[in-house]
Amino acid sequence: MQLAMNLLGIVVVIGLCWLLSWHRRAVNWRLVGKALLIQFLLAIFIVKVPVGQQVISVLSDGVTAVVNSGKDGVAFVFGDLADSSGHFIFLVQVLANIIFVSGLVELLYYLGVIGLVVKNMGRVVRKLIGSTAAESFVATANMFLGQTSSPVLISRYIGRMTESEIMVILVSGMGSMDVSVLTGYVSMGIPMEYLLMASMLVPVGSILISKIILPEVEAAEAIEDLTIDGKGNNSNAIEAVINGASIGVTIVMGIASSLIAIIGMVALINMILGFAGLSLEVIFGYVFSPFGYLMGFDGAAALREGTLLGQKIALNEFVAFNSLGSFIDTLDARTAMMASISLAGFANVGSMAICVGGVGALCPEKKGILSRLVLRAMIGGMLLSVLSAMLCGIVALF
């Protein structure tokens, strides 16, 4: 039954993308089918193949070890407040380490490590599914970078990109996670290996979703030797680390202020809805529960998944991951994996403004196009994560 529901779920996700499409007759189903097959094979590799499992395990241990190095800096600055054994302070124990990771990412960006990896992996993606160079590279970059960071790599080309290529920028951004914030999710109890699985499925998956919602109907410019900006605005490695840390502070303050406002608003809305015996969690549960059923969950679990998806879309992924983290230890491995992957990514209402503002700053003449595409891109980013969860869930059944 779970297999049948997951297969039906994949058909529903593809169907929803088709219903959202601007040019339904122009959809390149050969490209879509090829991308879906690659996604399925990749899911098999990371979920079932011993070598793939080992790769995820090694990456998870390695990333966790590197990220945990930042805790020494947090402990030095905050002292006893950084010790979670006696108390839990979200800002210190969950968010503060983002500053270290952001500095590290900026350093790797300056040294050209991220650019080198993205360029080579992007070439593989391009050859496998026939996407253009620019969209392949930006989709690949979203394995590591966030919705406004990855477009910087190809900023000089955005003005020459078609609307379909710009949709890839938006969907891959909405469906991705910046490596800088992974430590925050892990601190809330989400296993690093599930987050890495979700990230690995972003490049091809985002192109798959994008090319259904907005197929290519323009003449895309052929860029044979695309050059990636690997230095940013940094003049040396030390400046890169300092600038990255400053960006991290901005991220931390942005997350913290958003959570204060959002959670407070939820409490206010729930107080009002309480007079009718309702709450946002109950409403979200029923509205989004069909996705839970299509993921093969039973009644209670489907409602719970619906609540989590609603929290992610209407609020943000931190709220959803925090909720999931409170009971993830009670779930079986398959359910925990699917729930975690389905919540991965920045697809929420607030991110629409971030995408338009961030990408629009790199290419102001495209702001009108970005504003027109961003709502369907946000939905596409959510469907990307759900599709990835379903594919991994199918593989986990065998």
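Here, every reference points to the structure presented above.
The sections below set out a description of the structure shown in this document. Model, not experiment: these values are computed from the prediction. (Residues numbered from 1 in each chain as written. Predicted model: local features only at pLDDT ≥ 70, side-chain atom pairs only at ≥ 80, totals over all residues. Heavy atoms only, no water.)

1. Concerning the overall build of the protein chain
A tally of helices and strands in the protein chain yields 19 helices and 0 strands. Relative to the globule expectation of 21 Å for 398 residues, the C-alpha radius of gyration of the protein chain, 20 Å, shows essentially globular dimensions. Along the first, second and third principal axes, the C-alpha atoms of the protein chain reach 60 × 55 × 45 Å. Counted over contacts in the protein chain with a minimum sequence separation of 6, partners at least 24 positions apart contribute 78%. For the protein chain, the exposed surface amounts to about 16,500 Å²; the carbon and sulfur share of it is 67%. (Helix = DSSP H or I, 4+ residues; strand = E, 2+ residues; numbered from the N terminus. Rg over C-alpha atoms; globule rule 2.2 N^0.38 Å. Contact = heavy atoms within 4.5 Å. Areas by Shrake-Rupley, 256 points an atom, 1.4 Å probe, with all protein chains shown as cover.)

2. Digging into the packing of aromatic side chains
Here the structure, examined in full by the defined rule, presents 3 aromatic pairs. With a centroid separation of 5.0 Å and an interplanar angle of 55 degrees, the aromatic rings of Tyr185 and Phe318 are classed as tilted. Placement of Tyr185 in helix 10 (residues 179-187) and of Phe318 in helix 16 (residues 317-325) is noted, with a sequence separation of 133 residues between them. Where Tyr185 meets Phe321, the ring centres are 4.7 Å apart and the plane angle is 45 degrees; that geometry is what we call tilted. Here the residue Tyr185 occupies a position in helix 10, and Phe321 occupies one in helix 16, the gap between them amounting to 136 residues. Comparing Tyr185 with Phe321 shows no difference in burial state: the two are buried. (Phe/Tyr/Trp six-rings, centres within 6.5 Å; stacked < 30°, edge-to-face > 60°. Buried < 20%, exposed > 50% of the residue type's maximum accessible area, 1.4 Å probe, protein only.)

3. Some words on the pattern of salt bridges
Applying the stated criterion to the full structure yields 2 salt bridges. Two residues, Arg372 and Glu163, come together in a salt bridge whose shortest N-O distance is 2.7 Å. Taken together, the residues Arg372 in helix 19 (residues 367-396) and Glu163 in helix 9 (residues 163-174) connect sequence positions 209 residues apart. Under the relative-accessibility criterion, Arg372 is labelled partly exposed at 40%. The exposure class assigned to Glu163 is partly exposed, which follows from its relative accessible area of 22%. (Salt bridge = Lys/Arg side-chain N within 4 Å of Asp/Glu carboxyl O.)

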